[in-house]
Amino acid sequence: MAVDDVAVAPVNEGYWTRTRKAGLVLTALGLLAVLLFTALATGEPARFTLSEDATGAALKINGTVGAALFGAVALAAGVAILAGLPTRWFTLVLGIGLVGFVASFLCWQVSTAPAGQNFMPLVNIVRGTFILALPLIFGSLAGVLCERSGVVNVAIEGQLLMGAFSGALFGSISGSLWVGLVAAAIGGTLISLLLAVFAIRYLVDQVVMGIVLNLLAVGITGFLYERLMQPEPAKYNSAPRFSNWEIPLLSEIPVLGPALFAGNIFLYLGLLLVLVIHIGLFRTRWGLRTRSVGEHPTAADTLGVRVLRVRYRNVLLAGAVAGIGGASYTLALFSFTKNMIGGKGFIALAALIFGRWSPTGALLAALFFGFADQLATYLSAINSAIPSQFLAMLPYLATILAVAGLVGRVRAPAADGKPYIKG
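Worth saying up front: this structure is predicted, and the values here are computed from it rather than measured.

**Student:** Account for the pairing of strand β1 (residues 45-49), with residues named and values stated.
**Tutor:** Where β1 lies against strand β2 (residues 58-62), 5 bridges are found, and the strand directions are antiparallel. Residue pairing in the sheet places Ala-46 in a bridge with Ile-61 of β2.

**Student:** Just give me the short version of a positive patch on the surface, but keep the residues and values in it.
**Tutor:** Together, Arg-285, Arg-289, Arg-306, Arg-309 and Arg-313 make up a region of like positive charge exposed at the surface. Counting only elements with at least two residues in the positive patch, the list comes to α12 (285-295) and α14 (307-330). Within the fold, Arg-306 resides in the loop between α13 (297-302) and α14. The exposure class assigned to Arg-306 is exposed, which follows from its relative accessible area of 53%.

**Student:** Got a sec to walk through helix α5 (residues 122-147)? Specific residues and values, please.
**Tutor:** The end-to-end C-alpha distance of α5 is 35 Å, a good match for the 38 Å that 26 residues give at a rise of 1.5 Å each. The sharpest bend along α5 measures roughly 40° and falls at Ala-133, with the proline Pro-135 sitting one to four residues further on. Extensive coverage of α5 is indicated by the burial of 22 of its 26 residues.

**Student:** Help me get a handle on the nonpolar core, residues and values and all.
**Tutor:** Met-120, Phe-266 and Phe-336 are the most contacted members of the largest nonpolar core, which has 101 residues in total. The dominant element in this core, judged by the number of residues it contributes, is α5, at 14 residues. Sequence-distant contacts of Phe-336, defined by excluding residues within four places in its chain, comprise Leu-161, Ala-164, Phe-165, Ala-168, Thr-221, Tyr-225, Met-229, Asn-237 and Thr-330. Leu-26, Ala-77, Ile-81 and Val-93 belong to the second-largest nonpolar core, a separate cluster that totals 7 residues.

**Student:** Can you lay out the packing of helix α11 (residues 265-283) against α14 for me, pointing to particular residues and giving the numbers?
**Tutor:** The interhelical angle for the contact between α11 and α14, taken along N-to-C directions, is 155°, at an axis separation of 10 Å. By the angle between their axes, α11 is roughly antiparallel relative to α14. Like other packed secondary-structure pairs, α11 and α14 cross with a definite hand, here left-handed. Counted together, Phe-266, Leu-269 and Leu-273 of α11 and Val-321, Ile-324, Ala-327 and Ser-328 of α14 form the full contact between these two elements. Counted by class, the contact of α11 with α14 contains 6 nonpolar, 1 polar and no charged residues.

**Student:** If you had to explain the packing of aromatic side chains to someone new, which residues and values would you point to?
**Tutor:** Tallied over the full model, the rule gives 13 aromatic pairs. Ring plane angle 45° and centroid distance 6.1 Å describe the contact between Phe-198 and Tyr-202, whose orientation is recorded as tilted. The partly exposed category is assigned to Phe-198, whose relative accessible area is 32%. Judged by centre distance (5.8 Å) and plane angle (65°), the rings of Phe-354 and Phe-368 are edge-to-face. In this pair, Phe-354 sits in helix α15 (residues 344-354) while Phe-368 sits in helix α16 (residues 359-381), placing the two residues 14 residues apart along the sequence. Judged by its relative accessible area of 22%, Phe-354 is partly exposed. Look at Phe-368 and you get partly exposed, because its relative accessible area is 30%.

**Student:** Describe in detail the environment of Cys-146, supporting the description with residues and values.
**Tutor:** Within the secondary structure, Cys-146 is located in helix α5. Residue class for Cys-146 comes out buried when judged on its relative accessible area of 0%. The spacing of Cys-146 and Glu-157 is 11 residues in sequence and 14 Å in space, taken between C-alpha atoms. Beyond its immediate chain neighbours, meaning those up to four positions away, Cys-146 contacts Val-151, Asn-153, Val-315 and Ala-318.

**Student:** Which residues make up the side chain of Ser-358, and what are the values?
**Tutor:** Considering the arrangement of structural elements, one finds Ser-358 in the loop between α15 and α16. Its relative accessible area of 15% is what places Ser-358 among the buried residues.

**Student:** Just give me the short version of the pattern of salt bridges, but keep the residues and values in it.
**Tutor:** Close approach of charged atoms allows side chains with opposite charge to pair. All told, the structure shown has 3 salt bridges when counted by the stated rule. Note that Arg-127 and Glu-52 form a salt bridge whose closest N and O atoms lie 3.1 Å from each other. Placement of Arg-127 in helix α5 and of Glu-52 in the loop between β1 and β2 is noted, with a sequence separation of 75 residues between them. Its salt-bridge partner being Glu-226, residue Lys-338 comes within 2.8 Å of it at the nearest N-O pair. Taken together, the residues Lys-338 in the loop between α14 and α15 and Glu-226 in helix α8 (residues 206-229) connect sequence positions 112 residues apart. Judged by relative accessible area, Lys-338 falls into the partly exposed class, the value being 43%.

Thresholds applied
- Residues numbered from 1 in each chain as written.
- Predicted model: local features only at pLDDT ≥ 70, side-chain atom pairs only at ≥ 80, totals over all residues.
- Heavy atoms only, no water.
- Pairing = 2+ DSSP bridges.
- Helix = DSSP H or I, 4+ residues; strand = E, 2+ residues; numbered from the N terminus.
- Patch = residues over 30% accessible without salt bridge, like charges linked within 9 Å, V, L, I, M, F, W, Y side chains within 5 Å.
- Areas by Shrake-Rupley, 256 points an atom, 1.4 Å probe, with all protein chains shown as cover.
- Salt bridge = Lys/Arg side-chain N within 4 Å of Asp/Glu carboxyl O.
- Lys, Arg positive; Asp, Glu negative; His and termini not counted.
- Charge placed at Lys NZ, Arg CZ, Asp CG, Glu CD.
- Buried < 20%, exposed > 50% of the residue type's maximum accessible area, 1.4 Å probe, protein only.
- Expected span 1.5 Å × (residues − 1).
- Bend = angle between axes of the 7 residues up to and from the residue.
- Core = buried A, V, L, I, M, F, W, Y, C linked by side-chain atoms within 4.5 Å.
- Contact = heavy atoms within 4.5 Å.
- Axes fitted to C-alpha atoms, helices over the stretch in contact; angles between N-to-C directions.
- Parallel < 35°, antiparallel > 145°, perpendicular 65-115°, else oblique.
- Left-handed = near helix turned anticlockwise from the far one by under 90°.
- Nonpolar A, V, L, I, M, F, W, Y, C, P; charged D, E, K, R; others polar.
- Phe/Tyr/Trp six-rings, centres within 6.5 Å; stacked < 30°, edge-to-face > 60°.

Below, the structure written as structure tokens:
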């Protein structure tokens, strides 16, 4: 009897399953929107323009009505989940509820903005979301490549930073964008090489090694920045920038066209890599071997798969991907500054978990965090009553809430973080 109890206990979660807890949280958010956002909103119209400014076509709704209506959508979604919604509908209903909560919040904020600022330019919001999500997309893809192979990649921050530095330095010296891009990939690969050697060959704890490599990247790039870039920025920190490439016809699609089809090479490359890695992981022999090495390396070894070779190759490939992601800063947007990545590597790691170790899931999670970052910027621009300190925290709060409360029960690859010693 006692043995049976022990076997059944982990399965029996009781009434308060993780799904119902998510429903309870969403219900509370819906109530907050209906009661608080509606009370704070005004009768002024909340305008969501389909352009980059206040002109042109717009979606318009009374601020109070919109806050109440969208809050009711979030509340209804939360109640539905709480009542025991079928599992297959959980993700869809949760997404609808979260969109309703955000829309209610925006109706409050836009309707109370100062005269002339009570509009949200959707093109800028979508474009900003993708721009801010780019390093997260590349970083989370680097995490997918490593962790699907059984190697924990906490060094994404260092790979991004080294890529940004190498792209800026060698792009400036050579005056060539493509030299800078290749250098960025090599810079990220060097950090990955150290991770691979110490984690795979010498069996060093992978999490500890990742943190050490992040600190190493911060130290090396900071030292060289002070010695080279800061004294002579024109020579060492003035890399050319990739211009935007506009795709005819597609760039004219309302809202999404200017954001998706009038971007730079990093946007197109990031979306292409998501597609290529997804197909590679789930439709090719390389992907089958990668997933087998990440799940059960001993069984893969007995079938002739060279486990250590697969791990080395994928970790190095991950470094190149992350390095290119770092170059999306210095070859498209900014000059290099010390520690300019600012924790984006760790948010990319969260996006990897939130996306359930899937390339497409990681893309959606990265866009979620990018939107939170862009929303904070927009609210600051319209002089929101919400304290600026809280707005600066918004992307990181979204990260914590997503990973801790919304991800649900997820399972990493079984051999993730476990060294393989060939018998």
